[in-house]
Structures are given as structure tokens and as C-alpha cells.
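Examination of the molecular architecture
This is what each chain is made of:
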Amino acid sequence: MTDTIISLNSINPIEFFGVNNGKLDLLKKKFPLLKILSRGTQIKISGAPEQIEVAKEKIELILQYLERNGHLSENYFEQILGGDDAETVDHFVDRHPNDILVFGPNGKTVRARTVNQKKMVQAIDKNDIVFAIGPAGTGKTYTAVALAVRALKNKIVKKIILTRPAVEAGENLGFLPGDLKEKIDPYLRPLYDALDDMIPADKLGYYMTTRTIEIAPLAYMRGRTLDNAFIILDEAQNTNDLQLKMFLTRIGANAKAIITGDPTQIDLPRNQRSGLHKASRILQNIDGIAHVELSEEDVVRHKLVKAIIKAYEKEYEKEEAFLKDR
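Structure report, in brief. (Residues numbered from 1 in each chain as written. Predicted model: local features only at pLDDT ≥ 70, side-chain atom pairs only at ≥ 80, totals over all residues. Heavy atoms only, no water.)

It is worth spelling out helix α6 (residues 115-126) at this point. Side chains of residues three or four places apart in an α-helix project in the same direction, reflecting 3.6 residues per turn. Taking 1.5 Å as the rise per residue, α6 with 12 residues should run 16 Å; its terminal C-alpha atoms sit 17 Å apart, in good agreement. For α6, the complete set of buried residues consists of N116, Q117, M120, V121, A123 and I124. All buried residues of α6 fall inside an arc of 165° around its axis, so they share one side. (Helix = DSSP H or I, 4+ residues; strand = E, 2+ residues; numbered from the N terminus. Expected span 1.5 Å × (residues − 1). Buried < 20%, exposed > 50% of the residue type's maximum accessible area, 1.4 Å probe, protein only. Arc of directions from axis to C-beta.)

The structure is reproduced here in C-alpha cells:
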């Protein structure tokens, strides 16, 4: 048995230990054979030398991240503790600073975190239109917004246009309270949330006021020509053929577009077919248009999201097999 003391003087200890020592409990759970005690701005670890060495490596990764960013979510904390592969270590140790897409407020770094998110980055660098299709939680929208913000900051484009179809998912738009903007904004909220992570509030307000960044329902795109812009169509599974064709033909000179969608979450009325599947099929093998498919392996939300997606996929397969046998 040996003892090691690790100093937390370079960071805010509360960020390391977590609320009610929530993060410290995760650390203890990861290393059950070690005795881990918190002593103000220090951690004392007791146990077998080889186990201590592994724990020290993880703690040093956490401290490096906190020194750089000031904050570490419990989800990220868990990822660092559980990620033994080189890709996860590289992400948190920041050995590849060129992978960073955007520096957000308070030093937060935004980057492509999975293999298929990185494919999105490579695809938009080489193409003008990218279809990014996959289930919920795979970072399609977030990565797309980061790429748009990067293009604006690097002066590759002059404006960002973010759009979504305002499709009613179990609620009637007409009965929601407020004026048209107040009715529409809830549908666009995920786009605002992503921007909040990447642009300081005062600058984002300025961009919105000057229409450098525009967030609008898909219907507002009709009749426009979108030049010198980075355009994102989110939730494209809720467009029909005509709407998606309308969007794709808005794209003008020096413009890039990403179309994201999840074919398993279609909220269109039963008598309408989604245009996403058809568009992604007939627009294959066209120079300048790329297609990236994300899967449950790209899920970056809560760890249970991945399990939920797999459970639903199994159930869909059972239902399809039952219908074929009838």
C-alpha cells in the first residue's frame, strides 16, 4: 500500500469534486480498490501502486481540461474516467488543437467528437452541400452550427441562416399563446441553444440585430436567393418533396448548406411523405454534394440515449418482421 497526494491549487476544487461531491463519487466508483479522500485543495489516494498510477493519469487529464476551460460537466467527467481509447484521451488532452471548430464563451472549446462528426467536417470542407442523417443525440445540429460559426468567424461567408420546418409534433400551432414569433420560437430553440454555446451573448445579439445570423422557419426561405451564406436546414425529415426541393434551389453563389435529419422521427401528417429519403437517394453521386450517416455510436448526450435508441431499433425490427410474416 502506498499513498499519493494530488494538489488542486491550479483549479476551482468545487469544479473537480462536483455538487455534493457528485464527481468525486464517480471517481471512487471508477477505482473501488483505492481509498480516495478529499482534503480541501488536495486529494489523497491510497492503494496498490499500479492502480494509483492509472487514477493519477485520469485525474491529470481532468485537471488539464479544467485549467484550460474552467468548467467540466459531469457527463464529460464520466467520459474522461471511462475513455481508455487514444481518441478520447486526445480529445480531452487537446493534443490536436487544430481540431477545434470554435472557441466559445469562457474558453469552451467546440470540436467534432466522434468519427462521423469528423466526417461532417471533412465533407463540408470539400463540398457545398452535405446531408447529415442520423438518430437523436448524435450531434448533427450542434456540429453543423459549429461549422457555420467557424465559417463566419473565418470570413468564408458573410451570414448564417438557420432554418427548420415548423411542424406540429402533437400540438396545434394555432392554439399556442403569443404572436407568430412567440409561436415559432419553440421550434427553433435548439438552434438558439447551440449558438449560445459558441458566441458571447452580446455579440450574438448584435449578429441577430444586423441579420448576420438569421433563424427562421423554412417557409420564410421561399423566393430568396441565399448568397455568401452558410445555411442549415435542421429536422429535414419533416419536409415534403416540394419543400426540400425549394430549400435546395435557394442556394446561391459562395454558399454552403448542411441538411440534417432523423428519418425515425417524422412528425408530418400521415397523408404526407418525408422528402428527406428521396432527396438523399436521388442526389447521390453528384459532385459537390456529400452524405454522412451517423449512428448510435455517435451519441454524445446522456449515456442512456444510446441505450434508448438501440431499444427502439430492436422494436422497429420486430414490428417490420411481424408485418412481413402476416
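A separate point is the sheet that holds strand β1 (residues 2-7). Neighbouring strands of a sheet are bound in pairs by backbone hydrogen bonds; such pairs are parallel or else antiparallel. The strand order across the open sheet built from 3 strands is β1-β3-β2, with neighbouring strands paired in antiparallel fashion. Among the strands making up the open sheet, the edge pair consists of β1 and β2 (35-39). Going across the sheet, the axis of each strand differs from the next one's by a mean of 20°, ignoring polarity. Summarising the sheet, β1 and strand β3 (residues 42-47) pair through 6 bridges and their orientation is antiparallel. Paired with T2 across the bridge in β3 is G47. (Pairing = 2+ DSSP bridges. Axes fitted to C-alpha atoms, helices over the stretch in contact; angles between N-to-C directions.)

Turning our attention to the nonpolar core. Judged by nonpolar contacts, the single largest core of 38 residues is most densely connected at L195, M198, F230 and I258. At 8 residues, the largest contribution of residues to this core is made by helix α7 (residues 140-153). Apart from residues lying up to four places away in sequence, F230 is in contact with I124, A144, L147, A148, A151, V157, K159, I160, I161, K256 and I258. Formed by 26 residues, the second largest nonpolar core is a distinct cluster that contains L34, I52, L66 and F77. (Core = buried A, V, L, I, M, F, W, Y, C linked by side-chain atoms within 4.5 Å. Contact = heavy atoms within 4.5 Å.)

With that settled, consider the side chain of D234. With respect to the helices, strands and loops of the structure, D234 is situated in the loop between β9 (229-233) and α10 (241-248). A polar contact of 2.4 Å, which involves the side chain of D234, links it to the side chain of T260. Filtering out sequence-adjacent residues up to four positions away, D234 remains in contact with T141, T163, R164, P165, L191 and T260. (Polar contact = N/O pair within 3.5 Å; in protein donor to acceptor, adjacent residues only side chain to side chain.)

What follows is about the pattern of salt bridges. Side chains carrying opposite charge are able to pair once their charged atoms draw close together. Enumeration according to the criterion identifies 9 salt bridges in this entry. R150 is the salt-bridge partner of D125, the closest N and O atoms lying 2.7 Å from each other. Highlighted residues: D125 in helix α6 and R150 in helix α7, separated in sequence by 25 residues. As a salt-bridge pair, K278 and D241 come within 3.4 Å of each other at their nearest N and O atoms. Pair noted here: K278 is in helix α11 (residues 276-282) and D241 is in helix α10, with a separation of 37 residues, a long-range link. With relative accessibility at 38%, the residue K278 sits in the partly exposed group. Note on D241: relative accessible area 35%, which makes it partly exposed. It is possible to trace a salt-bridge network through shared partners that takes in R164, D234 and E235. (Salt bridge = Lys/Arg side-chain N within 4 Å of Asp/Glu carboxyl O.)

Any functional reading would require information beyond the geometric quantities listed.
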